[in-house]
Amino acid sequence: MRAEIDQLAAKIEAHRRAYAQGEPLISDFEYDALEEQLRQLDPQHALLQQPGVAVTGAAKATHAVPMLSLQKTYRVDELLSWIGAREVVGTLKIDGNSLSLVYQYGKLQVAKTRGDGQRGENVTAKSRYIDAIPAQITDDRHLEIRGELCCETASFFALAAEMETLALPRPLSPRNVVAGLLGRKEHHQLARHVSFVACDLLYHDDGALPTTEMDKLAILTALGFALPQPQLLTSTVAVEAYLEQVREKIAADDIPLDGAVFSFNSLAQARALGNTTHHPRGRMAFKWQGETAVAKIDDIVWDTSRFGIVTPVAEIEPVFLNKASIRRVTLHNFANVKLYKLKRGSEIKIVRSGEVIPKFLSVVREGEGELAIPTSCPSCKTALADDGVRLLCTNRDCPARQLRALLNWVKCAAIRDLSEKRLTAMMALGLVQSIPDLYRLTRDDLLRLPRMGERLASRLHAAIAASKKLPPERLLSGLGIRGGGRATWLVLLQVAPTIEALFALSAAEISAAEGFAEKSAQQIHQGLQARRALLDELLAVGVEVIAPPPSQSGRRSGDKYVISGALSQPRAFYQKLIEEHGATLTTSVSANTTAVVTADSNSTSSKVNAARRLKIPLISEQDLLLCLEENAQKNKNT
Ligand SMILES: [Zn+2]
């Protein structure tokens, strides 16, 4: 028994070391299963109490407050039962390396890695090259900021290219490259390709933290740190929608993510629960179970997406992952193909988590022969542009782009009986080029399609006509805007409840809606503007929005309030009161907010700042009661 335990512990320790170096040998899920096995055999084992790996050699730095790990789950039901009725803050879980920054008198004193949680490695000199880590902040107190170092996709390939010119070994992955940089004795300047995202704040002197996690994160923003897109979640539905948003972000692959983190919004609640030696009890990570396998590439085909991105897809000898036979794996972008010399015969490690498309993780063995990267679009033969990471077909009339855009619409509008094959046939006959063309088709047009009888033509014609009426988030998803999935639209529809209002939002307003980084807000804003003509054409052929989102229905006054900071009564008290008066309590300030309720009109919280920027009134608790009464009176009279 003892021997078995020791063997298992040694195995876990070896995997921890490999992981810390960014070279994991097994999937996170497989690793967690090993820890669980040890927990069954010896729940008190020292290894289970220790969140990371001990630092050897190098300059060691002690953590005044231990840097803990996170408890995690792969099951939504487990996550929801842990949350219970509490308000939580969801953030992206960045797949990077934990880092602690200690500031005093407004200056960065020391930057250190997590190490074993008690002592980490001093990496202050390297951190000076990282733009996202300010050397100076506008707060004199002795404080500590914790977060994740990571390498965004675009920076990763720039970094890999620079490492090649320095004759350094090729990085295995964005996570591996950060671990490698932290351990490196020279070439500190390479650290400038790395980003830092702040997740936590601690005061080491008398600084008192605010009462909520959201307000704490607002302080980090005010100090100039990037955040992992926090969102305040007040219901099960909101938590599930947030998870969907995170999945969209993982699929977009702009930044290495491996799940979401949920924290109690009430810091008093989190404090009351305290910590184990391994993790805080007021925080939980959620991940999707991912199975990995090694597969051999048979061929690489290039697909033009509706955004014109020409993506390499590996056709592999079939392998089983999560009980499904996998034959195609996305290689993400041409930069991967170039960097890892992916070609016929290459052996690659792949992962499939949940229902996400199987994807390339790393290369196991290089194949023989020539590297084949296309120079023209496989569909329309236009010469391809290259942004350093991706290949792009810039031809707006590219048949592959049109077909993908149509297929996306068919999926969003849920048109039955309209397969890819039929769409392709329609395009070949010149019947359909763009989405509005679908609604101009007559039954006789459909009869020109191969293998199309009278009955089927009638049914298909009716199905297309029926798809004209659709809810706003499906119409918006159907427009095919990069970065805009269903979850994104549902969040924005809370701020701007009609299509018109949503199209009128500025990039700043989209960014102010909680959870949108400036970059993605701009992308969505530009995407909307670029689709204006398409929307107008769709409305002209009879497409129509039905049933506004649920929060807008019923006998609501339409007034929306936001609370910033602590009031004399708990938030739940005001939520009930506001809803009883037919208004809504929302979590983010937008152009549609009626007023922001705060006990401190001089506050510099993010919500109060947003209110000032958008010229939205700041009111006290007493003012709120008066406003609610007044409105209730008005509604009664009309
Ligand atoms: Zn093309």
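The rules behind these values
Residues numbered from 1 in each chain as written. Predicted model: local features only at pLDDT ≥ 70, side-chain atom pairs only at ≥ 80, totals over all residues. Heavy atoms only, no water. Pairing = 2+ DSSP bridges. Helix = DSSP H or I, 4+ residues; strand = E, 2+ residues; numbered from the N terminus. Axes fitted to C-alpha atoms, helices over the stretch in contact; angles between N-to-C directions. Contact = heavy atoms within 4.5 Å. Donors = N, O, S within 2.8 Å, 3.2 Å for Na, K, Ca; no water. Tetrahedral: all angles 85-135°; square planar, octahedral: opposite > 155°, others 65-115°. Buried < 20%, exposed > 50% of the residue type's maximum accessible area, 1.4 Å probe, protein only. Domains from an automatic or database assignment. Salt bridge = Lys/Arg side-chain N within 4 Å of Asp/Glu carboxyl O. Parallel < 35°, antiparallel > 145°, perpendicular 65-115°, else oblique. Left-handed = near helix turned anticlockwise from the far one by under 90°. Nonpolar A, V, L, I, M, F, W, Y, C, P; charged D, E, K, R; others polar. Phe/Tyr/Trp six-rings, centres within 6.5 Å; stacked < 30°, edge-to-face > 60°. Lys NZ or Arg CZ within 6 Å of the ring centre and 35° of its normal. Core = buried A, V, L, I, M, F, W, Y, C linked by side-chain atoms within 4.5 Å.

## Considerations on the sheet that holds strand β7 (residues 143-150)
Ordered in space as β5-β4-β7-β8, the four strands form an open sheet in which the pairing is antiparallel. Strand pairing shows two members of the sheet lacking a second neighbour, β5 (107-113) and β8 (195-203), which therefore form its edges. Here the average twist between neighbouring strands, direction ignored, is 25 degrees. Taken together, the eight bridges between β7 and β8 define a ladder with antiparallel strand orientation. By the bridge assignment for β8, Glu148 is matched with Val197. Contacts between helix α7 (residues 174-183) and the sheet are confined to β4 (97-104), β5 and β7, with β4 contributing the most and set at about 45 degrees to the helix. Helix-sheet contacts for helix α8 (residues 213-222) involve β7 and β8, and the interaxial angle to β8 is about 120 degrees.

## A short note on the coordination of the zinc ion
Around the zinc ion, the protein supplies Cys377 (SG), Cys380 (SG), Cys393 (SG) and Cys398 (SG) as donor atoms, at distances of 2.2 to 2.4 Å. With four donor atoms in place around the zinc ion and angles of 98 to 114 degrees between them, the coordination shape is tetrahedral. Read N to C, the donor residues that coordinate the zinc ion are spaced as C-x2-C-x12-C-x4-C. On the accessibility criterion, Cys393 (2% relative accessible area) is buried. The exposure class of Cys398 is buried, given its relative accessible area of 0%.

## Section: the domain arrangement of the protein
What the domain assignment reports for the protein is domain 1 (2-49), domain 2 (60-286), domain 3 (291-392), domain 4 (415-466), domain 5 (472-551) and domain 6 (554-637). A C-alpha centroid distance of 33 Å is found between domain 3 and domain 4.

## Focus: the pairing of strand β13 (residues 309-321)
Examined bridge by bridge, strand β12 (residues 290-304) and β13 share seven bridges and lie antiparallel to one another. Each residue of the ladder has a partner; that of Ile297, found in β13, is Ile316. Two successive antiparallel strands, β12 and β13, enclose a turn made up of four residues, where Gly308 displays a positive phi of approximately 85 degrees. Pairing geometry for β13 and strand β18 (residues 391-392), over two bridges, is antiparallel. The residue of β18 that forms the bridge with Val310 is Leu391. Where β13 meets strand β14 (residues 324-330), six bridges bridge the pair, whose relative direction is antiparallel. Residue pairing across strands places Val319 opposite Ile326, the latter belonging to β14. In textbook terms, the turn of a hairpin is the stretch between consecutive antiparallel strands, and for β13 and β14 this stretch comprises two residues, one of which, Asn322, has a positive phi near 45 degrees.

## Re the environment of Gln526
Tracing the sequence through the fold places Gln526 in helix α21 (residues 518-530). Measuring from C-alpha to C-alpha, the distance between Gln526 and Pro318 comes to 40 Å, with 208 residues separating the pair along the chain.

## Quick look at the pattern of salt bridges
Taken as a whole and assessed by the stated rule, the structure comprises 31 salt bridges. Among the ionic pairs, Arg75 bridges to Asp77, the shortest N-O distance being 2.8 Å. Residue Arg440 is joined to Asp437 by a salt bridge in which the shortest nitrogen-to-oxygen separation is 2.7 Å. Residue class for Arg440 comes out partly exposed when judged on its relative accessible area of 43%. The network of salt bridges with common partners includes Arg16, Glu35, Glu36 and Arg39.

## Brief notes about the sheet that holds strand β9 (residues 231-233)
Judged by pairing direction, the sheet is mixed, and its five strands sit side by side in the order β2-β11-β10-β3-β9 without closing on themselves. Both edges of this open sheet fall to β2 (71-73) and β9, since each of them pairs with a single strand only. With direction set aside, neighbouring strand axes in the sheet form an average angle of 35 degrees. Across seven bridges, the pairing between strand β3 (residues 88-94) and strand β10 (residues 257-264) is antiparallel. Within β10, the position partnered with Ile94 by the bridge is Leu257. Along the sheet, helix α9 (residues 236-252) contacts β3, β9, β10 and β11 (283-286); its crossing angle with β10, the most-contacted strand, is approximately 155 degrees.

## Details of the packing of helix α6 (residues 153-165) against α7
Close contact between α6 and α7 brings their axes to 11 Å; oriented N to C, the two are set at 55 degrees. Here α7 runs oblique to α6, going by the angle between their axes. α7 is crossed by α6, and the crossing has left-handed handedness. Contacts between α6 and α7 involve Phe156, Leu159 and Met163 from the former and Pro174, Val177 and Leu181 from the latter. Of the residues assigned to the contact of α6 with α7, the class counts are six nonpolar, no polar and no charged.

## Some thoughts on the packing of aromatic side chains
All told, the structure shown has eight aromatic pairs when counted by the stated rule. Taking 6.1 Å as the distance between ring centres and 70 degrees as the angle between the ring planes, the aromatic pair formed by Phe196 and Phe225 counts as edge-to-face. Here Phe225 lies in the loop between α8 and β9 and Phe196 lies in strand β8, a separation of 29 residues in the sequence. A single burial state applies to Phe196 and to Phe225, both of which are buried. With a centroid separation of 5.1 Å and an interplanar angle of 90 degrees, the aromatic rings of Phe286 and Trp288 are classed as edge-to-face. Pair check on accessibility: Phe286 and Trp288 agree, each one buried. An aromatic cluster is defined as three or more aromatic residues linked by ring pairs; in this entry it consists of Tyr103, Phe196 and Phe225. For the cation-ring pair, Arg482 lies above Phe307, with the distance from its terminal atom to the ring centre recorded as 5.9 Å.

## Here's the deal with the nonpolar core
Among the nonpolar cores identified, the biggest contains 68 residues, and Ile145, Leu342 and Ile350 are the most heavily contacted of them. Summarising the domain contributions, this core has at least three residues from each of domain 2 (60-286) and domain 3 (291-392). Ignoring anything within four residues of it in the chain, the contact list for Ile350 reads Glu291, Thr292, Ala293, Ala295, Ile316, Val319, Leu321, Ile326, Val329, Lys359, Phe360 and Leu361. Among the nonpolar cores identified, the runner-up in size contains 50 residues, and Met426, Ile435, Ile499 and Val543 belong to it.

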